[in-house]
Structures are given as C-alpha cells and as structure tokens.
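Structural overview
Next come the chains, spelled out residue by residue.
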Amino acid sequence: MEALFFCSVFRSITNIATELTPSLHPTKLPLSFKIVYTGEATMLTTSDNELMTKVGPGTPVGELIRQYWIPAIMSSELPTPDSDPVRVRLLSEDLVAFRDTDGNVGLIDNYCPHRRASMFFGRNEECGLRCVYHGWKFDSNGDCVDMPSEPAESNFKDKVKITAYPCQERNGVIWTYMGPRTELPPLPDIEPNMMPEGSEWSVSTVLRDCNWVQALEGDIDTSHLGFLHFGSVNSEDLTPGAFDYLTVNPRAPQGYDVVDTDYGTSYGAWRPTAGDDIYWRVAHFLAPFYSMIPTNVLGVQILVRAWVPVDDTHSMFWNFSGPNPFRSVTGTKKGKAPGGASVNNDFIPNSSNFLGRWRLAANEGNDYQIDREAQKNNKIYTGITGIHLQDQAVTESMGAISDRTREHLGASDSMVIKTRQSIMRAARNLQEGIIPPTVDRPELYQERSGGVILPKDAKWYEATKELRKAFVDRPELVGTDKGPKA
Ligand code: FES
Ligand SMILES: [Fe+2]
C-alpha cells in the first residue's frame, strides 16, 4: 500500500506526524504509512464551511451542482397525466412539479410571474398549469399559453414566461437540469438507473433534516461501520473469513488510502485476513453528490446513492440499486441480523409541504425511537433500529449545518478531508470557468464499489480496475460472501 498523500491538499492541516503502521500483524501487513493528526488545526474555516454547504442561486457550490442533472422527484409522485401538482424544493428554490395531459413533466417556479401566487394551487388541465388567481396558464416549458385576464388583443402573454427547468425520466426518476446551458449535458451513467426493461432495480428516497455535505460524509466515512452499525456484533457470531467477519475483526480498518479521480475521490480501507491477503473496502464519491459504498462484493454490487440538497439545511437521500446478488450483511451464525441492522424505514404519509415528502416516523422529535435498554444490554449498539436510521440520527445530531471549525479530524477522516477539498476545488474552478469533466462525460460514472481480497503487496486502485467496471456481468461472484480475489 502506498503512503497517504492527502495531507498536501488540505491546507488547514498544520500538525501532522507520519509513522509506520503499528505492528498488529507485522509480518502480514503491507508496508504502510499512517497519518496521525496530533493537533487542533484540522478543522475547516468558517468561510470554507459556508462555501461547501450553501446551495442557493449564486453560491459557488450551488452553481456547481446546477451544472449537473439532478434527481428531482420520483415518477410515482406524478402518477398520471393531469395528476395533482407537487411542491418540490431543490437547491433552495421553491418549485412545483406537474405532469401534463400528454404525460410530460413540468418543473416550474412556485411563484406565478403575474402577482406571485403559488402555482401549487393551479389547475392542471389541457397541457398546462393554470394559476387560480387570474387564470394565467403555463405549459411544461414555462411558456404562457393563456392569459384570460388581459384584453384579447394583447400580446403580453408572449412576453411572459415562468421559470421552468427541463426534465427527463429514466427508470422511475424524474431528473431535472437547473443550470445555464440551452444545449443540455447528458444524464450521468448511473448504472442502477439504467437497468434494462424487465430487470430488477429499485429506487427510493428519504428526507434528511441536515445539510447535504454532512449527510454525504456519512457515506464516505468507513470507520463508523464497526461502531455505529456493528458495534454490538461479535466476530464469534459470524462466519470466519466472510466480509462481515473481517469488518468487525478488527473493528476499525488498519489503514486508509485515498485518491483523487476524474469522477471525484475513492478510498481503499484495509484489514488483515487470517492468511497473507488483505481485505479491502473500496468506495467512491462521484461529483457532485453521489456515493458508492462498499456494502457488498466488489464486481457485483450495483448501488449508487445521492445526497441532493433540498436547501441549506435539508437533503434528499436517493438510493438507486440493482439486483442484490448477496447482501454481505446477511446475519449471524445464529440467524439473527447483526444488532440493529434490520431495516426500519417507516414513513409518515407525505404532506404537500416543501419539506413534507419522504419523512421517517422515527426522527429527532422522538429521539429516533431509541431503545436505551437495547443499548445498555448491547443488543443494539446505538439502541436505534436500522442502519439508515442510525446514520440519520448521528448526521442530523450534528446540527442543521455542522460546525466544521470545531472538529478534530483523524486518519480515519482522510476520505472526508479529500472529498471536501474536491468539492471546494471544483466550486472555485467553476468560478474561473473550468467545468468539471463529469458534467460532459457520463461514462465517468461507470464505477462499482465493494469489498475485495487482494494480495498483500497489491496496489488496491490499480488491482481493482477491472472489478470496478460497471455494466459487466460477473455471475461467478454472485452468491459469495467472501468476495472476489483480484
Ligand atoms: S397571480 Fe397568477 S395569474 Fe395572477
Ligand atoms: Fe452508516
């Protein structure tokens, strides 16, 4: 394994020491350096934190994200032509989505350009949404197609438009483009959103009551797995050699390596195996807000997640997944799901509010239904049931926008650090007119993540090049709980 080089790009770090990997299994482990943070200076400045987290119009990161297609709303939320409009907030803009008589989706400004009444109350009829205040009607392109309150001879309607963002649908998702181009970029090659007709795929969303960056950071922070999610799982209850076994034995990775890539950033986090090989968990951040986590086996896991900023203090989690070849977290030898690993995504009914869609029943207001008894007797490490909910609780508990000036980052935060740098660098570059390559090169998203066993002297990123390729069938890997040996 190579030394970690991320420190050079993190300009706030002033107090770093490097040391050789400790001698836990000195004869088995690759020669490695570990970054040790010993000081107080690893936090971001207030201005960097604001740069990274603000998403409204005109903000650097807001403008960066507007370069990309964005998952806006599920197709099922606009089930039929002329069905009810839906309030949608995206990047701090209040919008109204509707499906017109021909099935086309419109995503328009909430505020009628006449005298600012909400278009949500509009009549969805005959290929347009008609404002109920004075009857102005707009089509899905934002053109005013009727203005009955003005004299018949007036051409005023030809001069008025409502802001309308282009939309396209793919596998149950309505995507929108809120950027400046009239010639639109391509949709990203999000593999599970491109599965052919008849194949197994799913998409789901959950609202999170916090800024999108800290939500995303939960996905690229691999060291929390053995604590937050599997803290009550003992290796004796798991099958020796299986990925879950290796994940809790030892509970934290023994080293991390992080790389900048054309699509964003990637990390490899390693643990020893019983033999000479190394177990690597390989995962990615892909611009501007996607993650690929290493839950399953590298090569067959088809899973992409997105953290779409709703506004500065709310984000919408999107989960795109393909067929599940074998979930490595299947349970213990006793047949039980590892403590708290079961799914607990009970939703309350959607309301029509801008922040009323896809909310969980367990939330901050009820302490995420924490079971202190289960926490005390270590049945569930957190006392909170469900992996997603555990993540939701800790990331929301940081506050609506985490104060990164008060953090103390360690070696296990190397992917978080490098990804922050990647986001801020892209935002600053855009202000200089540099467009990120991911905007125009959809193939950069053709990646996969997961766990893999590698020889101890392998360079993980190069060694996994083939296994990381999306859109490849690898039937020989389906059903294994030990993963490929690359
Ligand atoms: S405010 Fe909408 S038509 Fe007047
Ligand atoms: Fe997590």
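Residues numbered from 1 in each chain as written. Chains lettered and ligands numbered in written order. Predicted model: local features only at pLDDT ≥ 70, side-chain atom pairs only at ≥ 80, totals over all residues. Heavy atoms only, no water.

All right, on to the overall build of the chain then. Check the secondary structure of the chain and you find ten helices and 20 strands. Considering only contacts in the chain between residues 6 or more positions apart, those separated by 24 or more positions represent 64%. Total accessible area computed for the chain in this model is approximately 20,100 Å², and 50% of it derives from carbon and sulfur atoms. (Helix = DSSP H or I, 4+ residues; strand = E, 2+ residues; numbered from the N terminus. Contact = heavy atoms within 4.5 Å. Areas by Shrake-Rupley, 256 points an atom, 1.4 Å probe, with all protein chains shown as cover.)

With that settled, the discussion passes to the environment of His388. Assignment of secondary structure puts His388 in helix H7 (residues 387–397). Classification of His388 as buried rests on a relative accessible area of 12%. Measuring from C-alpha to C-alpha, the distance between His388 and His229 comes to 9.3 Å, with 159 residues separating the pair along the chain. With near-sequence residues (within four places) excluded, His388 lies in contact with Val206, Arg208, Phe317, Asn345 and Leu360. (Buried < 20%, exposed > 50% of the residue type's maximum accessible area, 1.4 Å probe, protein only.)

Turning next to the coordination of the iron ion (ligand 2). In this structure, His224 (NE2), His229 (NE2), Asp391 (OD) and Asp391 (OD) serve as the protein donors to the iron ion (ligand 2), at separations of 2.1 to 2.5 Å. When the donor residues of the iron ion (ligand 2) are listed from N- to C-terminus, their spacing reads H-x4-H-x161-D. Of the two residues, His224 is situated in the loop between helix H3 (212–219) and helix H4 (225–229) and Asp391 in helix H7; the sequence distance between them amounts to 167 residues. Asp391 shares its class with His224; the two are buried. (Donors = N, O, S within 2.8 Å, 3.2 Å for Na, K, Ca; no water.)

Moving on: unusual backbone geometry. Residue Pro250 is reached from Asn249 by a cis peptide bond, and omega for that bond is 5°. When you line up the elements, Pro250 lands in the loop between helix H5 (243–248) and strand S14 (255–260). With an omega of -5°, the peptide bond running from Ala287 to Pro288 counts as cis. Relative to the assigned elements, Pro288 resides in the loop between strand S16 (278–286) and strand S17 (290–292). One non-glycine residue, Glu126, lies in positive phi territory at about 45°. Following the sequence through the fold, Glu126 ends up in the loop between strand S7 (123–124) and strand S8 (129–130). On the basis of relative accessibility, which here comes to 62%, the residue Glu126 falls in the exposed class. Backbone geometry places Gln369, a non-glycine residue, at a positive phi of 55°.

By the secondary structure assignment, Arg404 is in the loop between H7 and helix H8 (414–431). Separated by 2.8 Å, the side chains of Arg404 and Asn49 make a polar contact. Beyond its immediate stretch of four places on either side in the chain, Arg404 contacts Met43, Leu44, Asn49, Met52, Thr53, Val213, Gln214, Glu217 and Arg420. (Polar contact = N/O pair within 3.5 Å; in protein donor to acceptor, adjacent residues only side chain to side chain.)

Taken in spatial order, the three strands line up as S4-S5-S6 in an open sheet, and their pairing is antiparallel. For this open sheet the edge positions go to strand S4 (86–90) and strand S6 (105–109), each flanked by a neighbour on one side alone. Neighbour-to-neighbour, the strand axes of the sheet open up by a mean angle of 35°, direction not taken into account. Bridge count for strand S5 (residues 93–99) against S6 is five bridges, and the pairing is antiparallel. Bridge assignment links Arg99 to a residue of S6, and that residue is Val105. (Pairing = 2+ DSSP bridges. Axes fitted to C-alpha atoms, helices over the stretch in contact; angles between N-to-C directions.)

Turning next to the sheet that holds strand S10 (residues 144–146). What the four strands build is an open sheet, ordered S7-S8-S9-S10; its pairing is antiparallel. Either end of the sheet is taken by a strand with one partner, and the two such strands are S7 and S10. Sheet topology note: the S8/strand S9 (residues 137–138) ladder contains two bridges and is antiparallel. For Leu129, the partnering residue across the bridge sits in S9 and is Phe138.

Take Arg372: it is sitting in helix H6 (residues 372–376). Judged by relative accessible area, Arg372 falls into the exposed class, the value being 51%. On a C-alpha basis, the gap between Arg372 and Gly383 in space is 5.6 Å, while along the polypeptide they are eleven residues apart.

Moving on, we get to H3. The buried count for H3 comes to eight of eight residues, which makes it a mostly enclosed element. When H3 is considered as a whole, its buried residues turn out to be Trp212, Val213, Gln214, Ala215, Leu216, Glu217, Gly218 and Asp219.

What follows concerns the packing of aromatic side chains. Scanning the model with the defined rule gives twelve aromatic pairs in all. Arranged with centres 5.9 Å apart and planes meeting at 90°, the rings of Trp136 and Phe156 form a pair that is edge-to-face. One end of the pair, Trp136, is in the loop between S8 and S9; the other, Phe156, is in the loop between S10 and strand S11 (167–170), and 20 residues separate them in sequence. What makes Trp136 buried here is its relative accessible area of 2%. On the basis of relative accessibility, which here comes to 35%, the residue Phe156 falls in the partly exposed class. (Phe/Tyr/Trp six-rings, centres within 6.5 Å; stacked < 30°, edge-to-face > 60°.)

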